[in-house]
Amino acid sequence: MRTETGQVIRLGDYRPSDYLIDKTDLVFRLDPTRTRVTAKLQMRRRAGVAPGTPLTLDGDGLTFVGARIDGADAGDNAVSATADALVVNAPPASETFTLEIETVVDPTANTQLMGLYRTGGNYCTQCEAEGFRRITYFLDRPDVLSVYTVRIEADRKDVPLLLSNGNPVEQGDLDDGRHYAVWRDPHPKPSYLFALFAGNLGVVEDEFTTASGRLVTLKIYVEHGKEPRAAYAMDALKRSMRWDEERFGLEYDLDIFQIVAVSDFNMGAMENKGLNIFNDKYVLADPRTATDQDYASIEAIIAHEYFHNWTGNRITCRDWFQLCLKEGLTVYRDQEFSADMRSRPVKRIGDVRLLRAHQFPEDSGPLAHPVRPRTYREINNFYTATVYEKGAEIVRMLRTLLGAKGFAAGMDLYFQRHDGEAATIEQFLACFAEAAQTDLTQFALWYDQPGTPNLAITTRYDRTARTFAVTVNQSLKPPVAGTPNAPMVIPIAFALAGKNGSTLDHDAVSGARTMQHEGEDGVLVITEPKHEIVFTGIAEEPVLSVLRGFSAPVTRVPQAPTRDRFFLARHDSDPFSRWEALNSLAMEDLIKATRAVSAGDPAAASDALVDIFSAVAGDGTFDNAYRALCLTLPAETDIAREIGRDIDPDAINKARRGVTEHLAKACERVFARIYHELQPRNAYDPGAEGAGRRALRNVALTMLCHAARSTDLAEQALAEADNMTDRAHALMVLTHLAPESEAAAQALEAFRTAFRAEPIVLDKWFTIQATVPRAETVETVQALTKAPGFSWDNPNRLRSLIGAFATGNPVAFNRADGKGYELLCAAIGRIDAKNPQVAARLMTAMRAWRNLEPGRRQRAKTAIESLRRGDRVSRDLADIIDRTLA
Ligand SMILES: [Zn+2]
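Heads up: these notes are all about the structure in this document. In this text the structure is predicted, and so the values were computed from the model without any measurement. (Residues numbered from 1 in each chain as written. Predicted model: local features only at pLDDT ≥ 70, side-chain atom pairs only at ≥ 80, totals over all residues. Heavy atoms only, no water.)

### Remarks on the coordination of the zinc ion
Item 1. Distances from the zinc ion to its protein donors, His304 (NE2), His308 (NE2), Glu327 (OE) and Glu327 (OE), fall at 2.0 to 2.7 Å.
Item 2. A residue is classified by how much of its surface remains accessible, and His304, at 7% relative accessible area, is buried.
Item 3. Among the residues examined, Glu327 registers a relative accessible area of 2% and is labelled buried. (Donors = N, O, S within 2.8 Å, 3.2 Å for Na, K, Ca; no water. Buried < 20%, exposed > 50% of the residue type's maximum accessible area, 1.4 Å probe, protein only.)

### Let's talk about the pattern of salt bridges
A side chain of one charge can pair with a side chain of the opposite charge if their charged atoms are brought near each other.
Item 1. With the rule as written, the count across this model stands at 76 salt bridges.
Item 2. In this structure, Arg229 and Asp286 form a salt bridge, with 3.5 Å as the shortest nitrogen-oxygen distance. Residue Arg229 is located in the loop between strand S19 (215-222) and helix H1 (231-248), and its partner Asp286 is located in the loop between strand S22 (275-279) and helix H2 (292-307); the two are separated by 57 residues in the primary sequence.
Item 3. The salt bridge partner of Arg645 is Asp646, with a shortest N-O separation of 3.9 Å.
Item 4. For Asp646, a relative accessible area of 40% puts it in the partly exposed group.
Item 5. Linked through salt bridges whose partners overlap, the residues forming this network are Arg247, Glu336, Asp340, Arg344 and Arg396. (Salt bridge = Lys/Arg side-chain N within 4 Å of Asp/Glu carboxyl O. Helix = DSSP H or I, 4+ residues; strand = E, 2+ residues; numbered from the N terminus.)

### Points about helix H9 (residues 575-598)
Item 1. Along its 24 residues, H9 runs 35 Å from first to last C-alpha, staying within 8% of the 34 Å computed at 1.5 Å per residue.
Item 2. In terms of residue burial, H9 counts as a mostly covered element, since 18 of its 24 residues are buried.
Item 3. Just downstream of H9, Gly600 is the residue with a positive phi angle, here 85°. (Expected span 1.5 Å × (residues − 1).)

### Some words on the pairing of strand S20 (residues 256-262)
Item 1. Burial analysis of S20 places 7 of its 7 residues in the buried class, which makes it a mostly covered element.
Item 2. Where S19 meets S20, 5 bridges bridge the pair, whose relative direction is parallel. Counterpart to Thr217 in the pairing with S20 is Ile256.
Item 3. The parallel pair S19 and S20 is bridged by H1, and the resulting crossover is left-handed.
Item 4. Here S20 pairs with S22 via 5 bridges, running parallel. Opposite Ala261, over in S22, you have Phe278 as the bridge partner. (Pairing = 2+ DSSP bridges. Right-handed = clockwise from strand over helix to strand, strands pointing away.)

### Things to note about helix H18 (residues 742-754)
Item 1. Here H18 contains 13 residues, and its C-alpha end-to-end distance of 18 Å stays within 8% of the 18 Å for a straight helix at 1.5 Å per residue.
Item 2. For H18, the full list of buried residues reads Ala743, Ala744, Ala747, Leu748 and Phe751. Each buried residue of H18 lies within a common arc of 130° when the element is viewed along its axis, so the set occupies one face.
Item 3. Tucked into the core, H18 has its buried residues touching helix H16 (712-720), helix H17 (724-737) and helix H19 (759-770). (Arc of directions from axis to C-beta. Contact = heavy atoms within 4.5 Å.)

### Examining the nonpolar core
As a rule of thumb, nonpolar side chains are buried together in soluble globular proteins.
Item 1. One finds Phe28, Phe194, Val283, Phe428 and Phe443 to be the most contacted residues of the largest nonpolar core, which totals 167 residues.
Item 2. Here the element with the most residues in this core is helix H5 (residues 385-418); it accounts for 14 residues.
Item 3. Core analysis: the second largest hydrophobic core is formed by 121 residues, Leu629, Ile652, Val699 and Leu734 among them. (Core = buried A, V, L, I, M, F, W, Y, C linked by side-chain atoms within 4.5 Å.)

### Concerning the environment of Tyr626
Item 1. Mapped onto the fold, Tyr626 is located in helix H11 (residues 624-630).
Item 2. With relative accessibility at 4%, the residue Tyr626 sits in the buried group.
Item 3. With residues up to four places along the chain from it excluded, the contact list for Tyr626 reads Val346, Ile349, Pro575, Arg578 and Trp579.
Item 4. For Tyr626, the side chain forms a polar contact with the side chain of Arg578, separated by 3.5 Å. (Polar contact = N/O pair within 3.5 Å; in protein donor to acceptor, adjacent residues only side chain to side chain.)

### Some details on the environment of Val104
Item 1. Tracing the backbone through its elements, the reader meets Val104 in strand S10 (residues 96-105).
Item 2. Residue Val104 is classed as buried on the basis of its relative accessible area, which comes to 8%.
Item 3. With 68 residues separating them along the chain, Val104 and Arg36 place their C-alpha atoms 4.6 Å apart.
Item 4. Residue contacts for Val104: discarding those within four places in its chain leaves Arg34, Thr35, Arg36, Thr63 and Val65.

### Re the packing of helix H21 (residues 795-808) against helix H23 (residues 819-832)
Item 1. Between H21 and H23, the shortest axis-to-axis distance is 10 Å and the interhelical angle comes to 145°. Note on packing geometry: the crossing formed by H21 with H23 is left-handed. Between H21, through Leu798, Ile802, Phe805 and Ala806, and H23, the contact on the second element is made entirely by Gly820, Leu823, Leu824, Ala827 and Ile831.
Item 2. A class-by-class count of the residues in the contact of H21 with H23 yields 8 nonpolar, 1 polar and no charged. (Axes fitted to C-alpha atoms, helices over the stretch in contact; angles between N-to-C directions. Left-handed = near helix turned anticlockwise from the far one by under 90°. Nonpolar A, V, L, I, M, F, W, Y, C, P; charged D, E, K, R; others polar.)

### Structural notes on the sheet that holds strand S29 (residues 508-510)
Item 1. Spatially, 5 strands are ordered S29-S32-S27-S26-S34 in an open sheet, and the strand pairing comes out mixed. Of all the strands in the sheet, just S29 and strand S34 (555-556) have a single pairing partner and so form its edges.
Item 2. In this sheet, strand S32 (residues 530-536) lies alongside strand S27 (residues 467-475) in antiparallel orientation, the contact comprising 7 bridges. Considered in S32, the bridge of Ala469 is made with Val534.

Structure (structure tokens):
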């Protein structure tokens, strides 16, 4: 057994590097198996560092060829190189010197997809977080900023396209059918933002004029023949550029902005300066191949990577512990962009559902960590929902506390003060504290304390005194023994709802600081373990609406009284809170139904839930997308999370199905009307309006099939579908409700035939089958790993089959005999040998194993332990397994 355990890196150990790299000149002589890389580094000794202090550069699996110092060959005594480091033992005593290094790398053998690798016959790089050291020896850390000039040489016929960061400088022919191109990026950047792409792709070209009049060329490169499918991504890019100018006053700063779509990519996309590299799944879309969800993801991710140009690239992170500085802030920015492009409440509900589905479980389980971690063994494992999504929630709370003006002033100061620097969370917060003249010391705990705070809230109305008393208790259970849990600053956006939901006025409030920013909800600022808040001058008994818009990433246990929630579900003037009330009532019924199923009784919905469900279904004043969300019951994984321990996934599945059937039958007529009224009349349009119509109509289709216990309507919908949203949904309903039917088998085969040459579309085919909620799916998934179109080397294929099975199919994955866990662990062992990052990510699907009922718990543990005992476990995977089992 060999495990690379790796060192523990600690935030407290941070110190600046002894040397800086002012200029980096790179030459790549591309070759599929022997690419030669020459790096000429203009080194500078930092002030205060003793002359001659040894210099150590990072490497990872490199083949060293030679080094020169100030133009002269460095002898063996001067430089010592291993695959993982290069040490200059006695650097020149002068303040500056040049260090030239030559290495050889093999892009074809690089299956980790970190550093320089091959994808579809092209050359591509991925350097965040520590991939650049797999290309050449370097001070591969985000606080070393350098100005890059890159020369690329390659065969002209096979590799016509030679791209890197910045602006193009020159290009030309060489001997032997080779050619070259030179790129220069004037903005100093850390090595993780370096990018190179070389190969043969088609291009879509457009242009954008910035607010100050700079003309920017925009290019998106995709596989030949797929150019029309990049039109939506281009449109989203232009809208992102305009929005960032209007909302944040931020303009683009180079002459050209390029996006390259590749099919082998570990993540969603990467914000390399001026040359974003994307997983093609987040670029390519047309109505025939992409769903509304795909369009929305493309819009959000194009925006996200573009917004990084300022939040991440112009101002970068001092060290990887500050990852949330760029990610939390940029996720907040892309969420706001999507909210402005589409329906704000629908976007918010979707984001909160994701937060609860991914971040809350992470934050309460063995993989919990602060938004800014203090230690790590493998930084690749910290690209988490906590760093990204909870990080975004912290920025949103800042916005809520400071109001639009205070927040904008803080952002402006941040850009003005730290442009061109590698910054920290402390520096970020200091800008807001200074601009808004407020103390954020306690607020900063959000970055340091893991776990989800809970609020317990009770109310009492005194009719005679006309007072309304609200008691708020906050508590934080440390998810990992020994982690801190001091009281936090929790902004509670609130309203006192009178009859019909109109907001009641009050004279005064005592017991907590409140804020009222113009045109926004009032906010109670919770800072103590307990607040006794009293509102005076309240004319009638109000219902308290709190955490409006989900103003803080917290839980609320116990929930508000059932009577209040029924009132809010009908009358709350905040659409998020109205959805929240309805969703929590549905959850209560689902948990009751699960208990009933476990006791051998049938599952049913309460009469009150049926009433409110049919009221929402029939209420045409709501926007369609919003109605679709309200009429979708919490997922099985949501119910499991709410139950929390001794989880029986079979009982949850039966209960949810029973409640769905009950509601579907009770509201059958309303759903039939919706289905009929929302028939597509115009050509497909990926915008919010059309997407909302399709979302609601597809909810109606699901419910009608449940009500009739028949998939006839799904078959008909499949036959009529003229776009991928409707087609994939109908196929899913048919396959999940009647997996053994001839109709399902034929429909799956027709889909496979139609899209067999389209890997990212075929991913939907894999996912639909991997998520059929029945025990036999374990064998189906096993068989699908041998199906044409599946590949153990492509991250998208792995996520669509193995990932979807482990995270989206609680019934089969948690099969009582443990075969689901064995399948996942065997797959991870196989993947780990080639791509540790993807293996480690898949492993997080097992993080909730302790919450299962005893039989499954034991089988899950055995499977994880046997994987850990395997021949060779990567550092990435070992880190996740050890924390999962700890
Ligand atoms: Zn990002």
